[in-house]
Amino acid sequence: MLNYQITPQIAFTQLLLYEQPKAIAWVTGNPANPQLGGLVKFYQTSYGGILVAAEVFGLPNINLPDSSNFYAMHIHEFGDCSGNFDKSGMHYNPTDQKHPGHAGDLPPLMGNQGYAFSVFYDKRLTIPEIIGKSVIIHSQPDDFTTQPSGNSGEKIGCGEIKRAV
């Protein structure tokens, strides 16, 4: 007889299916990537961290059949997505950690012909501390080495993180 137990994966799936996110960021592209858009949702978990679900459309490899590429995704200090997103600041780094240990360092997005979907758990962040910051998508993958930001290229997408109603 099998002994089924509630695992984090089951709890996370239930969050995604039945709960409203506590915060969201509508991501839009910069002037060179106006087709880029998406939604990043942040859920509070009972495990002391947050669940992040990102769905992004219109990444630069959209017109290359069967293409895939990685794009860095980070939380930046400020929620100002005006212009070329230069006012979004640096990676969110409240404990002054070296890259890639910043709280704002997130797993990369893998874009397949312009589309990416990612769900991950992060215990370094809380919902209240990320409100008013931004989600940034970069043109290149994060190399997880170069200081301070992983040599991840230009900011091609930005969305201010807002409390969900």
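It should be emphasised that the depicted structure is a prediction, and the values quoted were computed from it without experimental measurement. (Residues numbered from 1 in each chain as written. Predicted model: local features only at pLDDT ≥ 70, side-chain atom pairs only at ≥ 80, totals over all residues. Heavy atoms only, no water.)

1. A look at the confidence of the model for the protein chain
Move 1: Of all residues in the protein chain, 97% have pLDDT values of 70 or greater, and the mean over the chain is 92.
Move 2: Within the protein chain, strand E4 (residues 68-71) has the poorest average pLDDT of any element, 90, and strand E1 (residues 23-29) the best, 98. (pLDDT = per-residue confidence, 0-100. Helix = DSSP H or I, 4+ residues; strand = E, 2+ residues; numbered from the N terminus.)

2. Re the state of the cysteines
Move 1: Per the counting criterion, the structure on display carries one disulfide.
Move 2: Bridging Cys81 to Cys158, the disulfide has an S-S length of 1.9 Å. On the sign convention where negative means left-handed, the S-S torsion of about -65° between Cys81 and Cys158 marks this disulfide as left-handed. Highlighted residues: Cys81 in the loop between strand E5 (73-76) and strand E6 (109-112) and Cys158 in strand E9 (residues 155-163), separated in sequence by 77 residues. (Disulfide = S-S within 2.5 Å.)

3. What about a nonpolar patch on the surface?
Move 1: A contiguous nonpolar surface patch, about 440 Å² in accessible area, is contributed by Leu16, Phe57, Tyr115, Phe117 and Val119.
Move 2: Topologically, Tyr115 is positioned in the loop between E6 and strand E7 (116-122). (Patch = residues over 30% accessible without salt bridge, like charges linked within 9 Å, V, L, I, M, F, W, Y side chains within 5 Å. Areas by Shrake-Rupley, 256 points an atom, 1.4 Å probe, with all protein chains shown as cover. Salt bridge = Lys/Arg side-chain N within 4 Å of Asp/Glu carboxyl O.)

4. What to know about the pattern of salt bridges
Move 1: Summed over the entire model, instances satisfying the criterion amount to one salt bridge.
Move 2: One salt bridge in this structure joins Arg124 and Asp122, with 2.8 Å as the shortest N-O distance.
Move 3: A relative accessible area of 36% means that Arg124 is categorised as partly exposed. (Buried < 20%, exposed > 50% of the residue type's maximum accessible area, 1.4 Å probe, protein only.)

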